[in-house]
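# What the coordinates show
What follows is each chain in one-letter form.
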Amino acid sequence: MCVSLFSALVNSEKTCRPEPAFGSSKVTASEAEKSISGNLCRCTGYRPIADVCKSFAADVDMEDLGLNSFWKKDAKLNKLPFYDSKQINTYPEFLKKESESTAVLNYQDKTWYSPVSVEELGSLLESISDENGMTVKLVAGNTGTGYYQETEYYNKYIDLRCIPELSEIKKAGPHIEIGATVSISKLIMALKDEKSDIVFKKIASHLEKIASESIRNVASIGGNLVMAQRKNFPSDIATVLLAVNSKVTIFKGVIKETLTLEEFLENPALDSRNVLLSVFIPCLKPTENGYSKNTKTKLLFETYRASPRPLGNALAYLNAAFSAEVCNVDDGVVINRIQLAFGSFGVKHAIRASTVENYLVGKKSSVDLISEAVKLIRVAISPENGTSDPAYRSSLAVSFLFDFLMSIVDPGIGSRLTIDDCERTTLLSPAKQVIESSHEHSPVGEPVIKSGAAIQASGEAVFVDDIPSPLNCLHGAFIYSTKPLARVKSIKLKCEKDVNSVVTFQDIPKGGDNIGAINSFGIDPLFSSELTQCAGQRIAFAVAETQKNADMAAETAVVDYDIEDVEPPILTVEQAVEKSSFFEVPSFLTPSQVGDFSKGMAESDHQIHSAEIKLPSQYYFYMESQTALAVPDEDNCMVVYSSSQVPELVQRVISRCLNIPEHNVRVITRRVGGGFGGKAIKAMPVAAACALAAYKLRRPVRTYVNRKTDMILAGGRHPMKINYTIGFKSNGKITALHLDVLINAGMSIDVSPIIPWNFVGSLKKYNFGALSFDIKLCKTNHSSKSAMRAPGEVQGSYIAEAIIEHVATHLSLDVGLVREMNFHNYDSLKLFYGNSAGDPLEYTLPTIWDKLMKSSNFDTRVEMVNKFNKNNIWRKKGISRIPILQNVSLSATPGRVSILQDGSVVVRGEGFKGRGGAPAPSKFSVSSVIYVRFVYDFVGIYVFDPPVL
């Protein structure tokens, strides 16, 4: 994020904007916020980060930012660090020239070429083609490796960036020619410079929604199109350019060939001997109001994109671009020409909806015409089997086409009226954080800066992967099963470069256990013995001299399976029920039912039977992947650096696996780069595998699990299938609820027995009258699911809200009223939660609910939403409020406070925060005159030593 903001600051200095106020920059608030789009922050959140970025802008009011929440009186610019653009250091020009050197680089059997002309490139490709078995890669921005992970090296690399013809943008008659190595960012700027061409302006606007700015600065236009053609990359660029009849030039040996983009995409995959040289975009310049001077024709052009995030690193569910030429006649508008391009919906590449185009051309626009076109588009845009969310993608195609055609039929209704309408701008994200504190018990309760904030923000904080590798250190990578239930006969490595060993369960020392994780409910094996229990189960640990070679060995490993006489795997919760494959839930974790369900149903005025909800799994997505470093120590000891939320259990697992005493194992966890529960059970086998390999080889072994492997091994949140039956009164008061819940726990028990208890505890936040349920913990041949940020509670709260909204919809009542109707009073709270309900005065939800209603002006905002929806046919807004009721449990843990000789203080305690950074007990506060050092230390287990506060 810092680098992205720096780039925005540097680029702003190149503009002709007026000089800003002293201490500010030329960057705008919008540019500052947009610069960090696409970056992830799972802990701090975007609001404070965006506020800091916008504080550099001259067009922002400091009082509008959330920064002044922490200032005692008022927000002033001089309270922020001074910014001086003259002190910015950028990439030196002489190094840029040096990087354009034509030198040929050789390393072992790999060669890097940098030709400076198309002719030299042709000669180079021709000479290489004569060498049998040579693999060649053409390189420009090379950002494709972030999407398509490479497991093998190429023999020849050819850098195209030094060829001037490929890096130029020039006008050539009625079109603009873009060299293949031109970056996306450079193209955006060039298109924006064509201010009179609204089509170019809209193309540029769409391209700004692709990837993040740091990627666009490097990624090339040609590389993007070649990935779309060769590897079926879901390219927005291909879709947008397809709608404006773009062409490309291909270099084949000594011959240049020009193709339409449609022909290029449909041709066989381009090999490395054929090069995309340039792209031609026609200049479609409408005059004022979109009409041609000599005819009554009008040009329309629009692009569309739906993705998980509107800006930044998110591939589209569907992208589209439409262009049309229409003319006015006496009784309507006739479509003379139309091009409809769709992409990223589960087909090999962007396509034209030619059947729909042919149907529309020559016809007069009408609602009936749109209705028929919508029917045709449903057939034309049909995702291939296996595409995720196929129905949603098809519905998007219908919505986009309807939006475009409706603007032709009735410009007063269409959301985009004409081609020269103003672009919809993304609003800045405003927010305010108000911190109220009492000085009565000062300094307790005062907001304090996190102790490790400065070193984390600056990058100085040392995580496990930042620790320098010890001498003779090896690196490991997991080989995992690709079959859900099969015998492993053998493992063969296709790539054995620098591979030192392949560690399996057979390498566990005599007396040691095949154990990778442990908790109160059972153990999880480190490696499968002979029979794999799920796709993604660990089979072996490939150890090599470098992490890349270890990953390559693991990725290309060939595992020979045998499924003869093996029962079919259990892949669904329904199959688990058929085969009675369940885990047992201990009695003390079995939730209690409430009231008489039959009586509650008899009292109801309305009933809904067997409604079904399916909840999928969820990946942790911690910023730091699973990682560990194991170093053999003297006297049969092992020192392990682990990114773990439960280092004391890591110690126990390694001890049992290696058959050595626990006091011989020292596990050190300085900080964790994000956990969310994924660094608890799932971090143990990573550390254990490194320790086992280090024990066997008597050399340090470390690993940083790549993201693909981590996602396969992680397990994640528990998927569920819920069927519910509910009875309720006409006023929305629920009288009875029954749920049948099937929880997919995976192959091993992990912490799954806590899920039913947490699920029901969160579900009971409403007074359902009578509550009954049948919850089954299903054992399947999937990776074991584990604790993840509010395990079971997220699902329980979601189901409770889904039921409330179902009732409100059924009765056509406001959902907020139905929520209030089913709030607990203290008596019902006591019935549902027992002793956890506490005292009557401690139940404050209704009071907080009413207070929030007033402080947020909720009723006024509802009126504004209703007014907006009434005046807008297609665009809608909404507002909602959702209560949370949390059953808080406390566990006693030891702590110790030591006052040292110099007056500094050490606080020792058991605890760990999984959101990243060094764990710190948030409830410890001391006077500012005392220096405090927090140290977490289980003797012989792990040591935390965060810096002085």
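Our subject is the structure that appears above.
A brief structural summary.

Definitions and limits used
- Residues numbered from 1 in each chain as written.
- Predicted model: local features only at pLDDT ≥ 70, side-chain atom pairs only at ≥ 80, totals over all residues.
- Heavy atoms only, no water.
- Pairing = 2+ DSSP bridges.
- Helix = DSSP H or I, 4+ residues; strand = E, 2+ residues; numbered from the N terminus.
- Axes fitted to C-alpha atoms, helices over the stretch in contact; angles between N-to-C directions.
- Parallel < 35°, antiparallel > 145°, perpendicular 65-115°, else oblique.
- Left-handed = near helix turned anticlockwise from the far one by under 90°.
- Contact = heavy atoms within 4.5 Å.
- Nonpolar A, V, L, I, M, F, W, Y, C, P; charged D, E, K, R; others polar.
- Salt bridge = Lys/Arg side-chain N within 4 Å of Asp/Glu carboxyl O.
- Buried < 20%, exposed > 50% of the residue type's maximum accessible area, 1.4 Å probe, protein only.

What the four strands build is an open sheet, ordered 1-2-4-3; its pairing is mixed. Strands with a single pairing partner mark the edges of an open sheet, and in this sheet they are strand 1 (105-107) and strand 3 (136-139). Within the sheet, the average angular offset between the axes of one strand and its neighbour, ignoring direction, is 15°. Bridge count between strand 2 (residues 110-113) and strand 4 (residues 156-159): three bridges; the pairing is parallel. Each residue of the ladder has a partner; that of W112, found in strand 4, is Y157.

Okay, the sheet that holds strand 15 (residues 486-492) next. Read across the open sheet, the three strands follow the order 19-15-21; overall the sheet is antiparallel. Two strands close off the open sheet at either side, each with one partner strand: strand 19 (531-532) and strand 21 (558-562). Sheet analysis places strand 15 next to strand 21, joined by five bridges and oriented antiparallel. Paired with I491 across the two strands is V559, which belongs to strand 21.

This next bit is on the packing of helix 6 (residues 184-193) against helix 7 (residues 198-207). At a closest axis distance of 8 Å, the pairing of helix 6 and helix 7 adopts a crossing angle of 150°. Taken together, helix 6 and helix 7 sit at an angle that is classed as roughly antiparallel. At the point where helix 6 passes helix 7, the crossing takes the left-handed sense. Residues I184, L187, I188, L191 and K192 of helix 6 form the contact with helix 7, whose participating residues are F200, K201, I203, A204 and L207. Partitioned by chemical class, the residues of the contact of helix 6 with helix 7 number eight nonpolar, no polar and two charged.

Side chains on a regular strand alternate between the two faces of the sheet. Bridge count for strand 5 (residues 169-172) against strand 6 (residues 175-179) is four bridges, and the pairing is antiparallel. Residue pairing across strands places I169 opposite I178, the latter belonging to strand 6. Once strand 5 ends, the chain turns through two residues before running back antiparallel as strand 6, passing G173 with a positive phi of about 70°.

Inspection of every chain in the model, using the stated rule, returns 29 salt bridges. The salt bridge partner of K26 is E19, with a shortest N-O separation of 3.4 Å. Judged by its relative accessible area of 10%, K26 falls in the buried class. Of the residues examined, E19 reaches a relative accessible area of 65% and is grouped as exposed. Here D560 and K489 are joined by a salt bridge, their closest N and O atoms 4.0 Å apart. Of the two residues, D560 sits in strand 21 while K489 sits in strand 15, which places them 71 residues apart along the sequence.

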